[in-house]
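Notes for the structure review
Each chain is listed here by its residues.
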Amino acid sequence: LEQYRQRVAQRKLYNYRPYGHPDTLCPDGELWKRMNALPEADRWVEWSNKPWQLDFHNGGAQYKERMAKTGNREGKTLCAAAEVAIHMTGDYPDWWEGRRFEEPVLVWTGSPTNETSRDIVQKELLGGTSAAELGTGFIPKERIVGRPRMRQAGVSDVVDKFNVKHISGGVSNCNMKTYEQGWRKWQGTAPHVIRMDEEPEDNEAQGKIYSEARTRIITSNGIIMVTFTPLLGNTELVIRYTDDDSDKKMVVEATWGDVPHLNDVKKADALAGYQPWEILSRTAGVPMMGEGKIFTTPEEEIICDPFEIPSYYTRLNGIDFGLDHPFACVKIAIDRDNDIIYAYSDYRKKGELNMAVHAVKIKEPHPWIPV
């Protein structure tokens, strides 16, 4: 029995069922039935049945760049790790309709730090680096070639590279990178798969990382997967995806209501540790608007439907000059009788040298409003 349990632990990939797979569909799916038979604390709960993980995988057949923008603890890291393992081994399951590589692949993974690379991405792919733990991640033990190569990073047990036997007989390679290494470490070869867990920061050292990654897949005709909770706000990377209406990028979103493994007790425990302004980001994948916000009230409590602004409301426009960071203008209307301020319009633009462009946006449609 112990040997059997070890073999099962070392073949995690072959038990993977994404949300949307027939086995997960409640109440008729086999996995659903199995989970629902567990003790109450471990059972799956009624959920949206939204097949977001399956949609994410299948989207690879059409989109070179995919983003899973979700809350915490919703399975985005697990989902991406499973796909990396499938491409590296070439063991495409019968339900797979996503991108396929017929030959061994070169994979790059990206994480914010060496610690997050080791504790999150490395753990999901390899399980661990000891003899007992290696192979308990999504890469089956029998497919790992040799020992992973470690990185001298000032942090113990950080994997730099590892190799996986592909079904064709060749060997796939994985290089595990971090954002703290800077964008220059993302230059060079042409990987087939780039898997980024969380997003780089918008600063000089990391701001070019995604552009470098995107450049790398041009030669290989590869794919990029970004999975993250948008705690850094509406960053350039988020805007790059959400404002792109072409057929090259895909955004999959999920909330706590789209996963069956989070019951009310687990949700309450997690919510107790969040600040009010974090909740939407951590539960629904909504970009967090700043760190240490001035107004900590959840936005859904202060948003109202649009209405015609009465002529007697006081008006004011506020601006913040910017070039590297966006130039911004916010327009407010003040109801003095009820002591309510309405922010009814905003404008932002980065890298604009012509002040006349900003002036037009500030003045329309009421040039008489003071700034």
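Model, not experiment: these values are computed from the prediction. (Residues numbered from 1 in each chain as written. Predicted model: local features only at pLDDT ≥ 70, side-chain atom pairs only at ≥ 80, totals over all residues. Heavy atoms only, no water.)

1. Considerations on the side chain of E199
By the secondary structure assignment, E199 is in the loop between strand 6 (193-197) and helix 6 (209-220). Comment: no salt bridge for buried E199; closest opposite-charge side chain is R240, at 9.3 Å. A polar side-chain atom of E199 sits 2.8 Å from a polar atom in the side chain of T235. (Helix = DSSP H or I, 4+ residues; strand = E, 2+ residues; numbered from the N terminus. Buried < 20%, exposed > 50% of the residue type's maximum accessible area, 1.4 Å probe, protein only. Lys, Arg positive; Asp, Glu negative; His and termini not counted. Salt bridge = Lys/Arg side-chain N within 4 Å of Asp/Glu carboxyl O. Polar contact = N/O pair within 3.5 Å; in protein donor to acceptor, adjacent residues only side chain to side chain.)

2. Thoughts on helix 6
Over its 12 residues, helix 6 runs 18 Å from end to end, which matches the ideal 16 Å to within 8%, given 1.5 Å per residue. For helix 6, the set of buried residues is I209, Y210, E212, A213, R216, I217 and S220. For helix 6, the buried positions fall inside an angular range of 160 degrees around the axis, keeping them on one side. Away from its buried face, by an angle of more than 90 degrees, helix 6 presents the exposed residues I218 and T219. Contact partners of the buried residues in helix 6: strand 1 (65-70), strand 2 (106-111), strand 6, strand 7 (223-228) and helix 7 (236-242). Positive backbone phi, at 55 degrees, marks N221, one or two positions downstream of helix 6. (Expected span 1.5 Å × (residues − 1). Arc of directions from axis to C-beta. Contact = heavy atoms within 4.5 Å.)

3. Quick word on the packing of aromatic side chains
Counted by the stated rule, this structure contains 18 aromatic pairs. Each ring, one from W32 and one from W44, has its centre 6.0 Å from the other, and the planes form 55 degrees; the classification is tilted. Here the residue W32 occupies a position in helix 2 (residues 30-36), and W44 occupies one in the loop between helix 2 and helix 3 (52-58), the gap between them amounting to 12 residues. A relative accessible area of 10% means that W44 is categorised as buried. On the numbers, 6.5 Å between centres and 45 degrees between planes, the contact of W256 with Y274 is tilted. Here the residue W256 occupies a position in the loop between strand 8 (249-254) and helix 8 (264-271), and Y274 occupies one in the loop between helix 8 and helix 9 (279-284), the gap between them amounting to 18 residues. One exposure class covers both W256 and Y274, and it is buried. We note K12 situated over the ring of F138; from NZ or CZ to the ring centre the distance is 4.5 Å. Here the basic side chain of R66 rests over the ring of F56, its NZ or CZ set 4.8 Å away from the ring centre. (Phe/Tyr/Trp six-rings, centres within 6.5 Å; stacked < 30°, edge-to-face > 60°. Lys NZ or Arg CZ within 6 Å of the ring centre and 35° of its normal.)

4. A look at a nonpolar patch on the surface
A contiguous nonpolar patch, built from I319, F321, M355 and V371 and spanning about 380 Å² of accessible area, is present on the exposed surface. If you trace the backbone, I319 turns up in strand 9 (residues 314-320). (Patch = residues over 30% accessible without salt bridge, like charges linked within 9 Å, V, L, I, M, F, W, Y side chains within 5 Å. Areas by Shrake-Rupley, 256 points an atom, 1.4 Å probe, with all protein chains shown as cover.)

5. Quick notes on the pattern of salt bridges
Overall, the coordinates contain 18 salt bridges when judged by the stated rule. Between K50 and D258 there is a salt bridge, with the nearest N and O atoms lying 3.7 Å from each other. Placement of K50 in the loop between helix 2 and helix 3 and of D258 in the loop between strand 8 and helix 8 is noted, with a sequence separation of 208 residues between them. Judged by relative accessible area, which is 33%, K50 ranks as partly exposed. As a salt-bridge pair, D160 and R149 come within 2.7 Å of each other at their nearest N and O atoms. Here the residue D160 occupies a position in strand 4 (residues 159-165), and R149 occupies one in strand 3 (residues 144-150), the gap between them amounting to 11 residues. Look at D160 and you get buried, because its relative accessible area is 16%. Within the structure, one salt-bridge network assembled from shared partners comprises E65, R214 and K249.

6. Observations concerning the sheet that holds strand 10 (residues 327-335)
Taken in spatial order, the 3 strands of this open sheet run 9-10-11, and their pairing is antiparallel. Only two strands of the sheet have a single partner each, and these edge strands are strand 9 and strand 11 (340-349). Ignoring strand direction, the axes of neighbouring strands in this sheet form an average angle of 20 degrees. Sheet analysis places strand 10 next to strand 11, joined by 9 bridges and oriented antiparallel. Residue pairing in the sheet places I332 in a bridge with A343 of strand 11. Sheet strands touched by helix 10 (residues 355-363): strand 9, strand 10 and strand 11. Its angle to strand 10, the strand with the most contacts, is close to 15 degrees. (Pairing = 2+ DSSP bridges. Axes fitted to C-alpha atoms, helices over the stretch in contact; angles between N-to-C directions.)

7. What about the environment of I194?
Along the chain, the position of I194 falls in strand 6. For I194, a relative accessible area of 0% gives the class buried. Residues I194 and I340, spaced 146 residues apart in sequence, show a C-alpha to C-alpha distance of 48 Å.

8. Topic: unusual backbone geometry
That bond from C26 to P27 is cis: its omega, -5 degrees, falls within 30 degrees of zero. Of note, the amide linkage connecting E364 to P365 takes the cis form, showing an omega dihedral of 0 degrees. Checked against the element boundaries, P365 lands in the segment after helix 10. A positive phi is found at R73, a non-glycine position, where the angle reads about 60 degrees. The phi dihedral of N221 falls on the positive side, at around 55 degrees, and the residue is not glycine. Structurally, N221 can be placed in the loop between helix 6 and strand 7.

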